[in-house]
Amino acid sequence: MRVSSMNDRPPWLPPLPPPHRGRALITVGLVLVIATFIYIFVMSYLGGTHTLYTLLPLAVGLICLIVGLTRRNEGR
């Protein structure tokens, strides 16, 4: 039994997108990028060497950031 129908969305309006679209990808991307830069700076300070494999988490993090940000702005 309904008391009021004022809270219902009209059927002619499009559905609302989920409120946190892309947030998980943005978070994962930021963690990967920040952790990679911290690793690079620490290894440079300690005199360690880097390999090209160091760039893989950086590339994956940037891809996650780009996809997450485009998903977030898709609904606008």
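Residues numbered from 1 in each chain as written. Predicted model: local features only at pLDDT ≥ 70, side-chain atom pairs only at ≥ 80, totals over all residues. Heavy atoms only, no water.

A. Structural detail: the environment of I63. As for its placement among the helices and strands, I63 is situated in helix 2 (residues 55-74). With a relative accessible area of 53%, I63 lands in the exposed category. Considering only alpha carbons, one finds I63 and L25, 38 residues apart in sequence, at a separation of 9.1 Å. (Helix = DSSP H or I, 4+ residues; strand = E, 2+ residues; numbered from the N terminus. Buried < 20%, exposed > 50% of the residue type's maximum accessible area, 1.4 Å probe, protein only.)

B. Up close: the environment of V31. Tracing the sequence through the fold places V31 in helix 1 (residues 23-46). On the basis of relative accessible area, V31 is assigned to the exposed category, the value being 51%.

C. How the structure looks around the side chain of T36. Structurally, T36 is set in helix 1. Taking the relative accessible area as the measure of exposure, T36 reaches 5% and is therefore buried. Not counting chain neighbours up to four residues away, the residues in contact with T36 comprise T54, P57 and L58. (Contact = heavy atoms within 4.5 Å.)

D. Structural context of a nonpolar patch on the surface. A surface patch of nonpolar side chains, about 660 Å² in accessible area, is lined by L30, I34, I38, V42, Y45 and L46. Position of I38 relative to the elements: it lies in helix 1. (Patch = residues over 30% accessible without salt bridge, like charges linked within 9 Å, V, L, I, M, F, W, Y side chains within 5 Å. Areas by Shrake-Rupley, 256 points an atom, 1.4 Å probe, with all protein chains shown as cover. Salt bridge = Lys/Arg side-chain N within 4 Å of Asp/Glu carboxyl O.)

E. Quick look at helix 1. Taking 1.5 Å per residue, 24 residues should reach 34 Å; helix 1 reaches 34 Å between its end C-alpha atoms and fits that length. Among the residues of helix 1, those classed as buried are I26, G29, V33, T36 and I40. One or two positions beyond helix 1, positive phi appears at G47, with a value near 85 degrees. (Expected span 1.5 Å × (residues − 1).)

F. Inspection of the side chain of T54 at higher detail. With respect to the secondary-structure elements, T54 resides in the loop between helix 1 and helix 2. For T54, a relative accessible area of 9% puts it in the buried group. At a separation of 3.0 Å, a polar atom in the side chain of T54 contacts the main-chain carbonyl oxygen of T51. Excluding residues within four positions of it along the chain, T54 makes contact with T36, Y39 and I40. (Polar contact = N/O pair within 3.5 Å; in protein donor to acceptor, adjacent residues only side chain to side chain.)

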